[in-house]
Structures are given as C-alpha cells and as structure tokens.
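A closer look at the structure
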Amino acid sequence: MTETALLEFRAVNTHYGAVHILKDVDLAIYPGEMVCLLGGNASGKSTTLKTLLGMVTPTSGEVLLDGEVVNDKPTSYRVTNGVTMVPENRRLFKRLTVKENLELGAYLRDDKEGIEEDLENIYELFPRVKERLSQKSGTLSGGEQQMVAIGRALMSRPRVLLMDEPSMGLAPALVQQNFELIQQIHEEGVAIFMVEQNANMALSIADRGWVLQTGRVVLDDTAEALLSNPELRSSYLGES
Amino acid sequence: MMSTSLAPRKLFDQNWKRIIFWGSICALSQVFICLVGLPAELDRRILIKSTLSLGYLFIIWVPLVFGYVVSKMVELEGIENPKPGPADLLSGAVTGLLGGLGLVILMLGIDNFDLRDPLLNWNPRLFRLLTFENGIGFGSMVWLLSGVGLGTLGAALHQMTSRIRKMIAYATFGLFILAVLEDVIDDLSEGLRLEWLSDMIYDKKGGVTVTSAIVIAVVLALIPMVTRGKIKEKVTQYRSNEEPGDQQRNSIILFALVAVVFLVLPWFLGGIVNELLANVGLFLLLALGLNIVVGLAGLLDLGYVAFFAVGGYTTAVFTSPNSPWFSPETHFGISLLAVVVMATLAGLLIGAPVIRMRGDYLAIVTLGFGEIIRLLFLSDWLKPYLGGSQGITNIPGIDLGPWEVRGADPRSVFYMVLAFCVLAIYVSWRLQGSRLGRAWMAIREDESVAEVMGINTVNSKLMAFVVGAVLASFSGAVLAAKVGSVFPKSFEILVSIIILVVVIVGGMGSITGVMVGSLVLIGILGGPRQPGLLQEFQNYKLLIYGALLVFMMLKRPEGLVPTARRTRELHQEEYLQDAWLGDDDSDQQEEAGERV
Ligand SMILES: Nc1ncnc2c1ncn2[C@@H]1O[C@H](COP(=O)(O)OP(=O)(O)OP(=O)(O)O)[C@@H](O)[C@H]1O
Ligand SMILES: [Mg+2]
C-alpha cells in the first residue's frame, strides 16, 4: 500500500523501568481499517495501545501519526488528531453522571454546536443512554456502561478507535451485540484497533491482525489467514 | 412501600446486652468529658441565667444522644421492625440511668481517692460542680434522675411526629444559638441603638434570662406549626422547577444581598465582633483556596500553610522598615504583586516534585514540605534575611488614600478581607464551571482515564496548586498587615489542619459549604490562635475539632452544605437523615422505601 498509515510503529521498544516490554514492534493501521491485536496475558497489548496514545513513551523507535513522528507529542495532540481509546474495563468516571462522562470525552473540543450534534448522534445510536443522562455512571449495568464508554470515546470525533478488550466482563449475550456495535461504528468510517482475548470473534470481523508474544510480533497476517493458521488455532483459538 | 410494622415489644422484652453496652459508653463519655475538664472550664459561660451553663450542657447532652441511639432500630430490608413503644422508652431510660451512675461513681471516687496526679481534673472543683455544692446524695439524685429523663426523651424522639420533633429542634437549637451569639447581639443592638432589646433577652452577668428563654423557646417552637413545611416545599419546588438560567440569576441576587448585608453590618458592630469577622474572612480565604486544591482537584495538600506563610513573609519583607536584609518599604499594593509572584513560584516549586504522587503519598510529602518551610523561616541560616524566631515586626497598615487598613481598626481590616473573599469566591465560582474545572473533576475521579481523554494532568494539577497558593498568600498578606508582624510560630501545621477541617465540615468542593464552615467553626470555636465567640473553648478547640471531624466522617461525609454531586453520591444515607426532620413521615418513608 502506498497510502500513509494513520498510526504506525517503527521498531518500537518500550520499558517500564528496567523491564523490557515491547521489542522492535512494527505495525500500521490505515484509515478505515479494522485490525486486531492478539496475545497472551502480559504480552504487552495494553502497553501497545498506551504507546499509540502517548501515555507511554517508547525508549527507541518511532510512533507515527499520519506519517509524522509523534514520539514527543502529548496525548492531547493525538486525541485532537483523531486517536481515541476506550480503556480496559471501560473505566467510566463512576461518580459522575452519564452526561458528564460524555462531555469529558469532548474535553479537547471547542466547537459547541459540533459537540451538541455529536451528543444527538450518540443518543440516536444508544437510546438507552439518553434515558439515563443524569444517572451516576457507576450505577449503570455492564451493557449500558459499555455504551457510555463507546459514546464517550466517539465524543472526540475519532478517526481511529483503540479498544482494549471491549468484550471483557460483558455477559455472553452482550458480547455478540458488542461486536455488532463495533462493526457499526467501523462502517461509519472509523478505523478500529482492537485488543481482544476473544480471538475467534475478533478475527471474524477484522481485516488484519497481529499476534504478540512477550512483546514481540510473532504473526502478522490477514484475518482469514490467521484464522486458519494451525499454530494460532491451537494456542489462542482454543482448539487442539 | 414500607412494610407494616409488627406490634410494639413487651416492656421487658429488652436487648439488655445492647442497653448495657450503650449505657456504659454513655457513662464513660460523661466521665471522660468531666475529667477532660470541659464542664469546670465552661461553667463560667452562662447560657440561661442560674439554670444552665455551657459546662452542664456538655454533660447533659450525652444521655439524650445515647437514649436516642439505643432505641434506634436497625432498618434492614425485608425484616420487619416492631412498632416503637414504651419498651423503647425504657431502653432509653436505663441507658441514661447507667450514664448517671457513671457520674455517681465519679463523685464517690473523687470524694474517697486522690488521683489528681495523673488526672488534673480529679479535683474538688469538679466535685463541687457535680454535687451542686449540696453533697453527694443530692448530686446523685440529680444525675440519676436527669439521666433517666434525658435518656427517655432521647428515645421518645423516635416516637414523636416529625412536627413535634421539629418544634423541639427549633426551640433548643434556636435558644442555644441565641445564647452563643450573646456578644454579637449585644454588640449589634448597641450599634442599632436597640440596647433595650439585648437588655431584655440577656442578663447583665451573661446568659439568657429565664423568662425570655421560655418566651423565645415557645416562639421558636411555634414556627414549624405556622409554616407547616411550606418553606421546604417552596425550596424543593424552586429547585426542581426553575430554569437553570433563572437559578443562576437568583443565586447572583442572593449573593448580592449577602454582600450588601456584609457591607453595611460592620458599621453597627463593635470592635470585637468586627475582629471576629475579619478572622473568619482570613480563614475563609484560606479555605476557598484549599477547597480548589482538595475539593475540586482532589489533591490532599497538608502543607497548605506554607503558602499562607509565603504571603505573610513577602508582605513583611516588602513593606516593613524592620526587614533585616532587603527593605524597600513599598506600598502594600506593590508588595501584593510580589506576593502573587512568590506564591506562584512556591506553588510550582512545591507542586512540581509532589504532583506525580497519588493520594496518601501526596498528603505525607506536602505535610513534610509545610514543616520544612516553617523551619526554614525559623532557621539560623535565614535569620539575617527573615529574622528567625523574632520574625519581622513593624509592618505598616495598608494605605488606601482616604482610608487606612490597620489592625487597630478591625472594621477596616474586615472590609479588606471582604474584598479579597469576594474576589476568591468569584474566581472559585468561575473556575468550577470552566474547562480547567472539568479537568480537575476528571482527575479527581480517575487520573489515568483523565489522561486518556487528553487532559494534561500534570499541568492541571499544578494550576490547582498555584491558584490555591495565591489565595492563601493573599490571606497571609492581609494577616501580616493586620497584626503588624510575622513569626514562624503563626504558621504551624495546625493551620493546615484546621483549614482542612473547615473544608471537610463545610462540604468539599462547595463554595457555600466552605463559607458556612468558616463562619461556624472559626466564628464560634475560633482559629488556631484566634479566639471565637465561645472563648471558653480555647483549650479544647482541638478536641472539639477532632470530635467534629470524626462525627462528620461517620454521619455526614458530604459536609454541612454539600454540592449537588456529593449529595447524589451519598444519596441514600442522606435520605435517611433527612427523613428524621421530614415534614410528613409517611410520605418520606414511602419514598425512602422505594429508593432502598
Ligand atoms: N505501569 C507499569 N509499570 C510497570 N510494569 C507494567 C506497567 N504496566 C504494565 N506493566 C507490565 O508490563 C507487562 C505488559 O503489560 P500489558 O498491560 O501491556 O499486558 P497485556 O498484554 O495487556 O496483558 P492482559 O492481556 O493481561 O491485559 C506486564 O508484565 C505488566 O506487569
Ligand atoms: Mg491489557
């Protein structure tokens, strides 16, 4: 592809103190794509997302946003330029209302009308959320929290949504619904970068995927190829 | 819906263990209060002429409270409670009796053993007080009977209709406040040439006269009869119906009214009360600043006094001719600029290293920094510059053309402080609704997620530190000009703690709460070195502050005047408390039942 990647890692290494987490990771997310990152526990998936968003600074290598090196740019720069994350476990501001949570998603924006418009869009997408605007978000049900978390992320008008295990902690019935929702957002033109334990489900809707093992990318292929990869099938897809 | 209650318990169907437990605590509390010396010390303060002194009040509220507590039923969902009845009154009575028994034992003890060595207040004075100088027999009788009576009354509170409860509350609290405010009312009526009024209410030797106490109690008790909860209705109606814009306008009008009252009031007040109000204002200024740091941004800063000191010392250095090293003797206005600069620097200097810490660590480190700054001011190293323990004296008043603000004229100080407070209130109010305010709110709730939202957490937190520092330094600056001198002693850690208590008791994050907190705590109990209305409390201030803090944390953690958000957070508990003073019992319980 000759298109510039929306987000890209070039030989990125990160450390927490002396602990080496990501090791020479290369990846690229193109506009409008849906990609997923798989990997076992503590393989560095969340760290990858945090590095993409600028909450963790790489010790070497480059993070690029629209082809520009953004290693030194703060999180706010990336958020303003269309990168947003739905954190692991949704992490709503529990003691704030649903409305306040949504508004904080638009923290960096100044366009009052645009914000209003987006709020309306979110109410349309999630009528349930509209009914509960003044409820403390900590008291919402799991499914509702997921809606608010996604709504909050959409409030920054992202071009790419980084999602850390979006189906974690959701009731099985909701998982399917959640993936449909993600697809729906994707269809509106938002690129999705998803970290998932639920590899089967994630790969069935994604275009491409990577597999991370102790901080190293060990597989990088199309979703279809990964789904039929015997090695992956045995280790992640729960088949023997 | 509330489930229908079971029939009342039989009279002797008591949980004796529970009664003995609370009765012993009641007795121990009373003995503790006596041995701490509160009654003897506070006996000088007469509340009602020849009937009740503050000292006695401190003993007798105990059985009342424990009578109430022991007969309170634990509400559990799905479990029916028996209807309150005579059996509950008996529990209260026995609890009060046990409390009285504690005092009897104390009297016997004082009479027969001498424990004055470890227990300073184990002395004849306390004995005379407890026996009413009439012998142990008489004293025992009084305490046992009053214990029984008050314990029963406490228990009976559960069984009264809320209107009667309200009448009692109005009468007792109103009377208490009237007695406490004696100095203010005396002063005010003198200023308004209404001496006859205060002469009528108060006895010459202090305290409300018995006749007027009765009249006033009756009048106060009639208030709820007349209003019948209409006021509360109106308020809730107002709160729920009004457009946000209208509400904002109304609160602006309200603030303006309060401001006018404060502008006019000092002219009718004498020196003592003006001085008191000025002190309240100085602490309000500090509390507003700390409210931004703790209440809005959620940073528990225990070294806040450092900024107060920076303001005081900067003013001293710039304006006093006695400043040992650098003494430009500028006008207060110019020194104020320097104060802002220094406070900002101090805020950044202390803030930068500690801001990355979270929660408890931040508290501990700021506590240390606060002490370090005080010790620096005290040190020999800085003595040639800042005067060491002798401090800097001879700080002039503030020259404002036709007026001069100086300590000897408390009214002028009050106006100065008022101006700063208005500024601080305005700034806090604007910040609350600003983008920075929202960033603080997010950081307070969840720092990492705030970062995900693109909030620059480090800068936002530093801003909170700096704004808080500047407000505190203003307070320090005015204090320096008012007192005319600064010493390291005036900036001890206690200041930080008392301001924190003011913020917590008033209601974290709530501007009105902080105002009420300062007025009540600093006005009545007094600041760390400043006497309040109840000067007799001087030696017990910390004890009472501490007790109050514990009580608030247990019973009303959102403070006296909470913000809407905090109320929401603690809604359920809040609701149950409200039901206590509610207008219509059944309604309230219905709703509470639905919510639970
Ligand atoms: N702030 C931190 N400080 C130190 N070590 C950290 C920090 N955050 C993560 N780590 C460590 O880095 C490693 C990778 O963590 P990461 O959260 O990226 O894993 P993950 O792939 O998301 O795991 P999981 O699937 O369990 O969420 C882990 O060993 C973890 O303990
Ligand atoms: Mg993870």
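Residues numbered from 1 in each chain as written. Chains lettered and ligands numbered in written order. Predicted model: local features only at pLDDT ≥ 70, side-chain atom pairs only at ≥ 80, totals over all residues. Heavy atoms only, no water.

Quick look at the state of the cysteines
All names here are of chain B. The full count for this structure, using the stated rule, is 0 disulfides over all chains. Cysteine Cys34 shares no disulfide, and the gap to the nearest cysteine sulfur, in Cys26, comes to 11 Å. For Cys34, a relative accessible area of 1% corresponds to the buried category. (Disulfide = S-S within 2.5 Å. Buried < 20%, exposed > 50% of the residue type's maximum accessible area, 1.4 Å probe, protein only.)

Side note on unusual backbone geometry
Look at Ala11 of chain A: it is not a glycine, yet its phi comes out positive at around 50 degrees. Along the chain, Ala11 of chain A turns up in strand S1 (residues 7-13). (Helix = DSSP H or I, 4+ residues; strand = E, 2+ residues; numbered from the N terminus.)

Here's the deal with the domain arrangement of chain A
Residue and element names in this part refer to chain A. In terms of domains, chain A is made up of domain 1 (1-82 + 160-240) and domain 2 (94-157). Spacing between the C-alpha centres of domain 1 and domain 2 amounts to 24 Å. Counting residues at the interface gives 13 residues for domain 1 and 11 residues for domain 2. When domain 1 packs against domain 2, close to 930 Å² is buried across both sides, 79% of that on carbon and sulfur atoms. Connecting domain 1 to domain 2 are 2 residue pairs in polar contact (both at pLDDT 80 or more). Sorting the residues of the side of domain 1 that touches domain 2 by element identifies helix H2 (75-80), strand S9 (160-164) and helix H7 (172-187) as the ones contributing at least two each. (Domains from an automatic or database assignment. Contact = heavy atoms within 4.5 Å. Buried area = accessible area lost by both parts, 1.4 Å probe. Polar contact = N/O pair within 3.5 Å; in protein donor to acceptor, adjacent residues only side chain to side chain.)

Some details on the interface of chain B and chain A
Listed by partner, the interface residues are 19 residues for chain B and 22 residues for chain A. Between chain B and chain A the total buried area reaches about 2100 Å² when both faces are included, carbon and sulfur atoms providing 58% of it. Remark: the boundary between chain B and chain A carries 3 salt bridges. Between Asp446 of chain B and Arg91 of chain A there is a salt bridge, with the nearest N and O atoms lying 2.9 Å from each other. Element by element, the count of residues in the side of chain B that touches chain A is highest for helix H19 (residues 435-445) of chain B, at 6 residues. When grouped by side-chain class, the residues that make up the side of chain B that touches chain A number 8 nonpolar, 2 polar and 9 charged. (Salt bridge = Lys/Arg side-chain N within 4 Å of Asp/Glu carboxyl O. Nonpolar A, V, L, I, M, F, W, Y, C, P; charged D, E, K, R; others polar.)

Concerning a negative patch on the surface
Residue and element names in this part refer to chain A. A grouping of Asp24, Asp26, Asp220 and Asp221 is seen on the molecular surface, where their side chains present a negatively charged patch. Position of Asp220 relative to the elements: it lies in strand S12 (residues 216-222). Classification of Asp220 as partly exposed rests on a relative accessible area of 47%. (Patch = residues over 30% accessible without salt bridge, like charges linked within 9 Å, V, L, I, M, F, W, Y side chains within 5 Å. Areas by Shrake-Rupley, 256 points an atom, 1.4 Å probe, with all protein chains shown as cover. Lys, Arg positive; Asp, Glu negative; His and termini not counted. Charge placed at Lys NZ, Arg CZ, Asp CG, Glu CD.)

Re the pairing of S9 of chain A
Residues and elements named next belong to chain A. Within S9, 5 of the 5 residues are buried, leaving the element largely enclosed by the surrounding structure. Residues Val160, Leu162 and Asp164 line one face of S9 and the alternating positions Leu161 and Met163 line the opposite face, and both faces are buried. Where strand S8 (residues 83-86) and S9 come together, 4 bridges link them in parallel fashion. By the bridge assignment for S9, Thr84 is matched with Leu161. Across 5 bridges, the pairing between S9 and strand S10 (residues 191-195) is parallel. Note on S10: the bridge partner recorded for Leu161 is Ile192. (Pairing = 2+ DSSP bridges.)

Notes on the sheet that holds strand S6 (residues 60-65) of chain A
Reading across the sheet, the 4 strands line up as S4-S1-S6-S7 (chain A) and stay open at both edges, with antiparallel pairing between neighbours. What marks the edges here is a single partner per strand, and that holds for strand S4 (25-29) and strand S7 (68-69) of chain A.

With respect to the pattern of salt bridges
Taken as a whole and judged by the stated rule, the model has 23 salt bridges over all chains. A salt bridge links Glu404 of chain B to Arg406 of chain B, with the shortest nitrogen-to-oxygen separation between them at 3.4 Å. A salt bridge links Arg444 of chain B to Glu445 of chain B; the shortest N-O distance between them is 3.4 Å. Using a relative accessible area of 17% as the deciding quantity, one classes Glu445 of chain B as buried. Each of Arg109, Asp111, Glu117, Asp118 and Arg157 of chain A takes part in one network of salt bridges that share partners.

Describing the site of ligand 1
All names here are of chain A. Taken together, 13 residues lie around ligand 1, and Asn41, Gly44, Lys45, Ser46 and Thr47 are the ones closest in. Separating an oxygen atom of ligand 1 from a backbone N or O atom of Gly44 is a distance of 2.9 Å. A distance of 3.3 Å separates an oxygen atom of ligand 1 from a polar atom in the side chain of Gln197. Expressed as a share of its isolated accessible area of 640 Å², the protein-covered part of ligand 1 is 59%. With 3 residues, helix H1 (residues 45-53) is the largest single contributor of residues to the shell around ligand 1. Here the shell around ligand 1 is composed, by residue class, of 3 nonpolar, 7 polar and 3 charged. (Near = heavy atom within 4 Å.)

Considering the packing of aromatic side chains
Residue and element names in this part refer to chain B. With the rule as written, the count across this model stands at 19 aromatic pairs over all chains. A ring pair is formed by Phe132 and Phe138, whose centres lie 6.1 Å apart and whose planes are at 85 degrees; its orientation type is edge-to-face. On the basis of relative accessibility, which here comes to 28%, the residue Phe132 falls in the partly exposed class. Residue Phe138 is classed as partly exposed on the basis of its relative accessible area, which comes to 34%. (Phe/Tyr/Trp six-rings, centres within 6.5 Å; stacked < 30°, edge-to-face > 60°.)

Section: the packing of helix H22 (residues 493-506) of chain B against helix H23 (residues 511-525) of chain B
Residue and element names in this part refer to chain B. Here H22 crosses H23 at 120 degrees, and the two axes come no closer than 7 Å. The orientation of H22 relative to H23 falls into the category oblique. For the crossing formed where H22 meets H23, the hand is right-handed. The residues of H23 that touch H22, namely those facing Ile498, Val501, Val502, Val505 and Gly506, are Gly513, Val514, Gly517, Ser518, Leu521 and Ile522. Per-class residue counts for the contact of H22 with H23 are 7 nonpolar, 4 polar and no charged. (Axes fitted to C-alpha atoms, helices over the stretch in contact; angles between N-to-C directions. Parallel < 35°, antiparallel > 145°, perpendicular 65-115°, else oblique. Left-handed = near helix turned anticlockwise from the far one by under 90°.)

Considering the packing of helix H3 (residues 98-105) of chain A against helix H6 (residues 142-154) of chain A
When two helices pack together, their arrangement is captured by the angle between the axes and the distance separating the axes. All names here are of chain A. For the pair H3 and H6, the least separation of the axes is 6 Å and the interaxial angle reads 30 degrees. In terms of their interaxial angle, H3 and H6 are classed as roughly parallel. Crossing of H3 over H6 shows right-handed handedness. Along the contact surface, H3 presents Val98, Asn101, Leu102 and Gly105, while H6 presents Val148, Gly151 and Arg152.

Considerations on the domain arrangement of chain B
All names here are of chain B. Domain annotation of chain B identifies domain 1 (1-159), domain 2 (161-241) and domain 3 (253-355 + 371-444 + 459-564). The C-alpha-based centres of domain 2 and domain 3 are spaced at 32 Å. Taken together, the contacts link 8 residues of domain 2 with 8 residues of domain 3. For the interface between domain 2 and domain 3, the tally reads 0 salt bridges. Seen at the junction of domain 2 and domain 3, the total is 1 residue pair in polar contact (both at pLDDT 80 or more). Tallying contributions element by element places helix H8 (residues 182-191) first for the side of domain 2 that touches domain 3, with 5 residues. Across the side of domain 2 that touches domain 3, the residue classes break down as 5 nonpolar, 1 polar and 2 charged.

Structural notes on a nonpolar patch on the surface
Residue and element names in this part refer to chain B. Together, Leu192, Leu194, Trp196, Leu197, Met200, Val260, Leu263, Val264, Trp267 and Phe268 make up a nonpolar patch on the protein surface, roughly 940 Å² of accessible area in all. Only helix H9 (195-201) and helix H12 (244-264) provide two or more residues apiece to the nonpolar patch. In this structure, Trp267 sits in the loop between H12 and helix H13 (271-296). By relative accessible area, Trp267 is classed as exposed at 54%.

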